[in-house]
Amino acid sequence: MRDSSPYKTIAVATTFSPRFKKVLAEAKRIRDRFAAELHLIHVGKRNGETPRKFAEVLAEFELPADSPIHYEEGDPAEAILAVLARENIDMLVAGALEKEIVLHPFLGNVARRLVREATCAVMLFTHPEKKPKPLRRIVFIADRSQQGLAALKTTLMLAEAEPCERLYVIGIMTAFDEARASIASGPTGTAAHKSNHGEEDALEEFVLSAGATEVPIETRFIRGATGLAASDFVRSVEADLLVVPLPKSRETVQQKLPSNIAWVSDVIPCNLWVVR
């Protein structure tokens, strides 16, 4: 680890669905990477069977038998959000899709609410595996804020712990951003051209300010009519994880996402990590 882990507690949402063990395996991998305590959130009643089921699965994955288990009834999203806030959880790991939709990788309803309303970081897996695949290619969307820099440092912690082959740090310039820069530059557009180069230089400076690392990093500026151009880039490099830094929510209310990344609350091109 580069510094002390920013995550002390990581929770995994459980339902005893067919994918439960796969999601738990991914959560264990992330828990190990950040040396955190793993909590389990079960939406449903505690009965005579649930403690036995949890004991068996904890033993199977060599997790502590006394791992905290939080039972919460009600709507799945509401229940999970309530536990996250009440227990001051630092990160939630969950499945991204409620059902597979061929050629349409949209977030499920529960996952969409978690992205928008969780008070903590959220990591969603589109195709969790019982033997997790290495995160070899990671894409980080940079906003160059202080919080964004902290998120990049946290991302580097995970990238260094994984056999990450390349970390892409990307800036996004939409048609709206280009038009705004052009108006600010005046009729010649010369200032806008210089501004574009300045943005690229600033992105490289942003990466350097995160400190030395052995992870290969490549900076890219993505331009397109909408932020969805960034989604296309994520697919083109066959990324295993997309990292999006967002401001930390103080309470569970729907968070309005910046226009150039609003698509991440609907379309999910790969595993998604929302860092708060």
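Considering all chains together, one arrives at six aromatic pairs under this definition. Each ring, one from tyrosine 7 and one from phenylalanine 34, has its centre 5.0 Å from the other, and the planes form 90°; the classification is edge-to-face. Taken together, the residues tyrosine 7 in the segment before β1 (9–14) and phenylalanine 34 in the loop between α1 (20–33) and β2 (37–43) connect sequence positions 27 residues apart. Residue phenylalanine 34 is classed as buried on the basis of its relative accessible area, which comes to 0%. Here a set of aromatic residues connected by ring pairs shows up, and it is made of Tyr7, Phe34 and Trp273.

So, on to the confidence of the model for the chain. Model confidence for the chain is summarised by a mean pLDDT of 85, while 82% of its residues fall at 70 or above. When mean pLDDT is compared element by element in the chain, strand β6 (residues 137–141) scores highest at 97, while helix α6 (residues 175–185) scores lowest at 53.

With that settled, consider the pairing of strand β3 (residues 69–72). Of the two faces of β3, only the one carrying His70 and Glu72 is buried; Ile69 and Tyr71 on the other face are not. As judged from the four bridges shared by β2 and β3, these two strands associate in the parallel manner. When the sheet's bridge partners are listed, valine 43 is paired in β3 with glutamate 72. In this view, the connection linking β2 to its parallel neighbour β3 by way of helix α2 (residues 50–60) has right-handed handedness.

Moving on to the side chain of serine 67. Examined against the element boundaries, serine 67 turns out to sit in the loop between α2 and β3. A residue is classified by how much of its surface remains accessible, and serine 67, at 8% relative accessible area, is buried. From its side chain, serine 67 meets the backbone oxygen of proline 64 in a polar contact 2.7 Å long. In this structure, serine 67 is in contact with Leu38, Leu40 and Leu58, ignoring residues within four places of it in sequence.

Right, let's talk about the environment of valine 115 for a bit. Within the fold, valine 115 resides in helix α4 (residues 109–117). Valine 115 has contacts with Leu107, Leu124, Leu272, Val274 and Arg276, leaving out every residue within four places of it along the chain.

In terms of nonpolar packing, the biggest core is built from 48 residues, with Met91 and Trp273 touching the most fellow members. For this core, the leading source of residues is helix α5 (residues 146–161), giving seven residues. Ranked by size, the runner-up nonpolar core spans 41 residues in total, among them Ile80, Ala118, Ile172 and Leu246.

Okay, the pattern of salt bridges next. Going through the model one piece at a time under the given rule, you end up with 22 salt bridges. A salt bridge links glutamate 238 to arginine 137; the shortest N-O distance between them is 3.9 Å. Residue glutamate 238 is found in the loop between α8 (228–236) and β9 (241–245), and its partner arginine 137 is found in strand β6; the two are separated by 101 residues along the sequence. According to the relative accessible area criterion, glutamate 238 is exposed, its value standing at 53%. What makes arginine 137 partly exposed here is its relative accessible area of 22%. Put simply, arginine 220 and glutamate 218 hold a salt bridge, and the shortest N to O gap is 2.6 Å.

Below, the discussion takes up unusual backbone geometry. Phi angles above zero are rare outside glycine, and glutamate 62 is one such case at about 55°. Locating glutamate 62 in the fold gives a position in the loop between α2 and β3.

Time to look at the pairing of β9. Most of β9 is tucked away: five of the five residues are buried. Judged by which residues are buried, β9 turns out to be covered on both faces: Leu241, Val243 and Pro245 on one side and Leu242 and Val244 on the other are all buried. As paired elements, β6 and β9 share three bridges and run parallel to each other. Bridge pairing links phenylalanine 140 to valine 243 in β9. Note that β9 and strand β10 (residues 271–275) share five bridges and pair parallel. Residue pairing for β10: valine 243 is matched across the bridge by tryptophan 273.

Attention now goes to the packing of α1 against α2. Two elements in contact, α1 and α2, have axes separated by 11 Å at closest approach and are oriented at 50°. Regarding the angle of α1 to α2, the classification is oblique. At the point where α1 passes α2, the crossing takes the right-handed sense. Contacts between α1 and α2 involve Phe20, Lys21 and Leu24 from the first element and Phe54, Val57 and Glu60 from the second.

Rules of the game
Residues numbered from 1 in each chain as written. Predicted model: local features only at pLDDT ≥ 70, side-chain atom pairs only at ≥ 80, totals over all residues. Heavy atoms only, no water. Phe/Tyr/Trp six-rings, centres within 6.5 Å; stacked < 30°, edge-to-face > 60°. Helix = DSSP H or I, 4+ residues; strand = E, 2+ residues; numbered from the N terminus. Buried < 20%, exposed > 50% of the residue type's maximum accessible area, 1.4 Å probe, protein only. pLDDT = per-residue confidence, 0-100. Pairing = 2+ DSSP bridges. Right-handed = clockwise from strand over helix to strand, strands pointing away. Polar contact = N/O pair within 3.5 Å; in protein donor to acceptor, adjacent residues only side chain to side chain. Contact = heavy atoms within 4.5 Å. Core = buried A, V, L, I, M, F, W, Y, C linked by side-chain atoms within 4.5 Å. Salt bridge = Lys/Arg side-chain N within 4 Å of Asp/Glu carboxyl O. Axes fitted to C-alpha atoms, helices over the stretch in contact; angles between N-to-C directions. Parallel < 35°, antiparallel > 145°, perpendicular 65-115°, else oblique. Left-handed = near helix turned anticlockwise from the far one by under 90°.

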